[in-house]
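Overview (structure and organization)
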Amino acid sequence: MSPRQITVLGECVADAFARPASAPNELDLHVLPGGGPANTAVALARLGTPSRFLARLSGDVFGRLFRAHLEASGVDLSHVVVASEPSTLAVADLDAQGQAAYAFHAQGTADWQWSSAELAGVDLSSTACLHTGSLALVREPGAAAVEEFLATASSRATISIDPNVRPLLVHPETYRAKLRHWCDLADILRLSEEDLRLLLPETPLEQACDVWHAAGARLVVVTRGSDGALVSLDGERVHVPAVTTRVVDTVGAGDSFTAGLLHHLGVRGLLGGRLTALRLGEVAESCRFAAHVAALTCSVAGPNPPWQSQLPQYASQIIV
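Attention here is on the structure that accompanies the text.

What follows concerns the pattern of salt bridges. Under the defined criterion, the tally for this structure stands at nine salt bridges. The salt bridge involving Glu173 is made with Arg176; its shortest N-O contact spans 2.7 Å. With Glu173 and Arg176 both in helix H5 (residues 172-185), this residue pair falls three residues apart, about one helical turn. Asp187 is the partner of Arg274 in a salt bridge, and the nearest nitrogen-oxygen pair spans 2.7 Å. Within this pair, whereas Arg274 is found in the loop between helix H8 (253-267) and helix H9 (280-298), its partner Asp187 is found in the loop between H5 and strand S11 (188-192), the two being separated by 87 residues in sequence. Judged by relative accessible area, Arg274 falls into the partly exposed class, the value being 34%. Each of Arg56, Glu85 and Glu118 takes part in one network of salt bridges that share partners.

Structure follows, in structure tokens:
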């Protein structure tokens, strides 16, 4: 079965990786297109799902880089807003394990300026699932317009949300205050264990899932890095192990997991509406595929998810 379109709404960020320069007292920055929603849209398109990205892209040098990257990956940009504001820049500092800590330059940038008028004309009739999250849901002035758009879209498409908490830009309390409403809108909540610790400190995984189920999210998936993922469907749970690989860095791994999950569900015709017929075994199978896609992303530098045609080739990098 050919998957229906998945629409992704959110930011595209210039990920700058610091490198030692040849001259003393200098630093080189290697810039790659990133941002959680953009990474997810790219991964979906590369896996073979028709992927449309709703974004506000600047006309600056970074915005042109974003557009070229998204188009080269096959992402539909027909509803992108051409923004006059500058692009968002995130400077990543990688530790010895390839984990990234970010410093953001995001004041007044293009990604957060959504208006209701810009989103009002978006046609979702061909969209099986609308995925969003990260900073677009919490950064003003556009966050309110995005929430309003989600509420309208929830009557016709499956809603997927990844909070992707960024405490350096927005205090976790802002996410906590909004998360119950997001769960009321969402069918799928995918978040990392680090997100969980920021949103519900000292709360066991299973209890946190039950809190979010009670708020309205039917499917909750908590990714735990090398410890795999906990899948909870209406309180029925299963653990999916991680796929071991030689890690270059973990940038974009969670976004690739989300894309793998949504792609696998979509190919099987399981997206669209409220997921009332979804079964735990089906979700577990999709998460096993998602773990494979995330592992392959970790095996290369930056947010560079695999193409569908490359999956067998990349599989040789997986350690079994």
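It is worth spelling out the sheet that holds S11 at this point. The sheet built from eight strands is open, its strands ordered S4-S1-S9-S10-S11-S12-S13-S14 with mixed pairing. Edge strands, defined here as strands with exactly one partner in the open sheet, are strand S4 (51-54) and strand S14 (236-240). Neighbour-to-neighbour, the strand axes of the sheet open up by a mean angle of 15°, direction not taken into account. Contacting strand S1 (5-9), S4, strand S9 (127-133) and strand S10 (158-162), helix H4 (residues 143-153) runs over the sheet at an angle of about 155° to S9.

Attention now moves to H8. Its 15 residues give H8 an end-to-end C-alpha distance of 21 Å, which sits within 8% of 21 Å, the value for a rise of 1.5 Å per residue. Within H8, 13 of the 15 residues are buried, which leaves it mostly tucked inside the rest of the structure. Once H8 finishes, Gly269 follows within two positions and takes phi at roughly 70°, a positive value.

Moving on to helix H1 (residues 36-47). With 12 residues, H1 extends 17 Å between its outermost C-alpha atoms, agreeing within 8% with the 16 Å of an ideal straight helix rising 1.5 Å per residue. Phi for Gly48, located one or two positions after H1, is positive at around 110°.

Here we come to unusual backbone geometry. For residues other than glycine, phi is negative in most cases, and the peptide bonds are mostly trans. The linkage connecting Glu140 with the following residue, Pro141, adopts the cis geometry, with an omega of 15°. Positive phi, close to 60°, is recorded for Ser134, a residue that is not glycine. Relative to the helices and strands, Ser134 resides in the loop between S9 and H4. Here Leu275, not a glycine, exhibits a phi torsion of approximately 60°, which is positive. The residue Leu275 is located in the loop between H8 and H9 in this model.

Attention shifts here to the side chain of Ser256. On the secondary structure map, Ser256 appears in helix H8. The residues touching Ser256, leaving out its near neighbours within four places in the chain, are Ala43, Val293, Ala294, Thr297 and Pro305.

What follows deals with the packing of H8 against H9. Remark: H8 packs on H9, axes separated minimally by 7 Å, with the N-to-C direction vectors making an angle of 145°. Our pair here, H8 against H9, has a crossing hand that is right-handed. Where H8 abuts H9, its residues Ala253, Ser256, Phe257, Gly260, Leu261, His263, His264 and Leu265 lie against Glu285, Ser286, Cys287, Phe289, Ala290, Ala291, Val293, Ala294, Thr297 and Cys298.

As a further point, take the nonpolar core. With 49 residues, the main nonpolar core has Leu9, Leu189 and Trp212 as its most contacted residues. Apart from the residues within four sequence positions on either side, Trp212 is in contact with Leu179, Cys183, Leu189, Leu191, Leu196, Leu199, Leu200, Ala217 and Val220. Phe53, Ala55, Ala290 and Ala291 belong to the second-largest nonpolar core, a separate cluster that totals 45 residues.

This part takes up the pairing of S9. Counting buried positions over the seven residues of S9 gives seven, a clear majority of the element. Bridging between S1 and S9 involves four bridges; their strand directions are parallel. The residue bridging Thr7 from the neighbouring strand is Leu130, located in S9. The sheet contact formed by S9 and S10 spans five bridges and is parallel. Its bridge partner being in S10, Cys129 is matched across the sheet by Thr158. In this region the chain leaves S9, passes through H4 and returns to the parallel neighbour S10; the handedness of that crossover is right-handed.

For the rest of this paragraph, the subject is the packing of H4 against H5. For the pair H4 and H5, interaxial distance at closest approach is 10 Å and the crossing angle is 25°. The orientation of H4 relative to H5 falls into the category roughly parallel. Where H4 abuts H5, its residues Glu147, Leu150 and Ala151 lie against Lys178, His181, Trp182 and Leu185. Residues of the contact of H4 with H5, tallied by class, amount to four nonpolar, one polar and two charged.

Sheet faces and side chains relate simply in a regular strand, where the side chains alternate between the two faces. Judged by how many residues are buried, S1 sits mostly within the fold: five of five residues are covered. Here S1 shows no split at all, with Gln5, Thr7 and Leu9 on one side and Ile6 and Val8 on the other all buried. One ladder, built from four bridges, connects S1 with S4; its direction is parallel. For Thr7, the partnering residue across the bridge sits in S4 and is Arg52.

Basis of the calculations
- Residues numbered from 1 in each chain as written.
- Predicted model: local features only at pLDDT ≥ 70, side-chain atom pairs only at ≥ 80, totals over all residues.
- Heavy atoms only, no water.
- Salt bridge = Lys/Arg side-chain N within 4 Å of Asp/Glu carboxyl O.
- Helix = DSSP H or I, 4+ residues; strand = E, 2+ residues; numbered from the N terminus.
- Buried < 20%, exposed > 50% of the residue type's maximum accessible area, 1.4 Å probe, protein only.
- Pairing = 2+ DSSP bridges.
- Axes fitted to C-alpha atoms, helices over the stretch in contact; angles between N-to-C directions.
- Contact = heavy atoms within 4.5 Å.
- Expected span 1.5 Å × (residues − 1).
- Left-handed = near helix turned anticlockwise from the far one by under 90°.
- Core = buried A, V, L, I, M, F, W, Y, C linked by side-chain atoms within 4.5 Å.
- Right-handed = clockwise from strand over helix to strand, strands pointing away.
- Parallel < 35°, antiparallel > 145°, perpendicular 65-115°, else oblique.
- Nonpolar A, V, L, I, M, F, W, Y, C, P; charged D, E, K, R; others polar.

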